[in-house]
Amino acid sequence: MLTEKDPYRYTTDESLLPLVAEGSVPAFNEIYARYGQKMFSYFFRMLWKNKELAEDLTQELFMKIIGHAGRFESNRSFHTWLYSIAHNMCKNEYRKEEVKMKYKPVAQAHASSETEKNSDLQRFREALYGAVSKLTAEKKALYVLRFEEQLSVPDISQVLNIPEGTIKSRIFYLLKELKETLSEFKTLHIYP
């Protein structure tokens, strides 16, 4: 039985968008409940683990959803539409950062704290994060969408607007690159 508190709990995302376009607050709240934390997490991982930026972009993303809900094509997947918007927002942030870096003197060197004893798994995770953070924006997006957000190849293809075969090929070469970068961990069972 549906209650007034959650009248859209079992409604599909795609069915909620027309209601959001009409100004339904409960429909928007349901979309936000489903995707708010997930999108914050996506922005956080994609954008240098900057919490404030991730919060700002999450809010901006949901404002875009409200503003563009009426233009949503019902034959599309809401999930891939949402990630497409988020991906484009990340690309814009990368461009802004490039401009900042171009006009900003090189200042900070990354200092790593090797004072703590880390387990092999912790060291591997840190090395993996370091390797992923050094990837190009396109490769980083591919990594996050596939291995952290666990999107399917067809969904990633729609988000990035790249053919599925190309996505599969890029994933193969990305894994090969990460395997070479993380070769010092090849004795661990978690090695890619």
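Anything mentioned here points back to the structure above.
Residues numbered from 1 in each chain as written. Predicted model: local features only at pLDDT ≥ 70, side-chain atom pairs only at ≥ 80, totals over all residues. Heavy atoms only, no water.

1. Focus on the overall build of the protein chain
Operational definition: Helix and strand definitions here come from DSSP, where helices need a minimum of 4 consecutive H or I residues and strands a minimum of 2 consecutive E residues; each element is numbered from the N-terminal end. Throughout, exposure labels follow a simple rule: accessible area from a 1.4 Å probe, protein chains only, divided by the maximum for the residue type, with under 20% read as buried, over 50% as exposed, and the rest as partly exposed. We call two residues in contact when some of their heavy atoms are within 4.5 Å.
Broken down by element type, the protein chain carries eight helices and zero strands. For the protein chain, the α and β elements follow one another from N to C terminus as α-α-α-α-α-α-α-α. Across the 192 residues that make up the protein chain, the buried fraction comes to 35%. Across the protein chain, the fraction of contacts at a sequence separation of at least 24, relative to all contacts at a separation of at least 6, is 59%.

2. A look at the pattern of salt bridges
Side chains carrying opposite charge are able to pair once their charged atoms draw close together. What counts, and what does not: Salt bridges are identified by distance alone: a Lys or Arg side-chain nitrogen within 4 Å of an Asp or Glu carboxyl oxygen.
For the coordinates displayed, the defined rule picks out four salt bridges. In this structure, Glu-30 and Arg-34 form a salt bridge, with 2.9 Å as the shortest nitrogen-oxygen distance. Of this pair, Glu-30 and Arg-34 are both found in helix H2 (residues 25–46), four residues apart, which corresponds to roughly one turn of the helix. Its relative accessible area of 25% is what places Arg-34 among the partly exposed residues.

3. Notes on the environment of Ser-152
Inspection of the secondary structure assignment puts Ser-152 in the loop between helix H6 (137–148) and helix H7 (153–160). Considering only alpha carbons, one finds Ser-152 and Glu-164, twelve residues apart in sequence, at a separation of 9.9 Å.

4. Some thoughts on helix H1 (residues 13–21)
Let me state the cut-off plainly: For this quantity, the arc is that covered by the directions from the helix axis to the C-beta atoms.
Those residues of H1 that fall on the buried side of the exposure criterion are Asp-13, Leu-16, Leu-17 and Val-20. Along H1, the residues classed as buried sweep out an arc of 110° about the axis, all on the same side.

5. Let's talk about the nonpolar core
Put simply, the rule reads: Residue types Ala, Val, Leu, Ile, Met, Phe, Trp, Tyr and Cys, when buried and joined through side-chain atoms within 4.5 Å, form a set referred to as a nonpolar core.
In terms of nonpolar packing, the biggest core is built from 51 residues, with Met-39, Tyr-42, Phe-43, Leu-61 and Phe-78 touching the most fellow members. Excluding residues within four positions of it along the chain, Leu-61 makes contact with Met-39, Phe-43, Leu-82, Ile-85, Ala-86 and Met-89.

6. Thoughts on the environment of Glu-149
Mapped onto the secondary structure, Glu-149 falls in the loop between H6 and H7. You can call Glu-149 buried: its relative accessible area is 10%. Distance in space between the C-alpha atoms of Glu-149 and Met-39 is 9.7 Å, their sequence separation being 110 residues. Every residue in contact with Glu-149, bar those within four places of it in the chain, is listed here: Lys-38, Tyr-42, Arg-45, Tyr-83 and Val-144.

7. What to know about the packing of aromatic side chains
Just so we agree on the cut-off: Two aromatic rings from Phe, Tyr or Trp, using only the six-membered ring of Trp, form a pair when their centres are within 6.5 Å; if the ring planes differ by under 30 degrees the pair is stacked, by over 60 it is edge-to-face, and anything between is tilted.
Enumeration over the complete set of coordinates arrives at ten aromatic pairs. One aromatic cluster is present, built from ring pairs that chain together Phe-28, Tyr-32 and Phe-62.

8. Describing the packing of H6 against H7
Inclusion rule: Structural elements are reduced to axes, namely lines fitted to C-alpha atoms, with helices fitted over the stretch in contact, and the angle between N-to-C directions of any two is expressed from 0 to 180 degrees. Crossing handedness: left-handed means the near helix sits turned counterclockwise from the far one by under a right angle, and right-handed means the same turn made clockwise. Each residue gets one of three labels, nonpolar for Ala, Val, Leu, Ile, Met, Phe, Trp, Tyr, Cys and Pro, charged for Asp, Glu, Lys and Arg, and polar for the others, Gly among them.
Contact pair H6 / H7: the axes reach a minimum separation of 10 Å and the direction vectors enclose 145°. Viewed along their axes, H6 and H7 form a crossing whose handedness is right-handed. Across from Leu-142, Leu-145 and Arg-146 in H6, the residues of H7 making contact are Ile-156, Val-159 and Leu-160. Its residues placed into classes, the contact of H6 with H7 shows five nonpolar, no polar and one charged.

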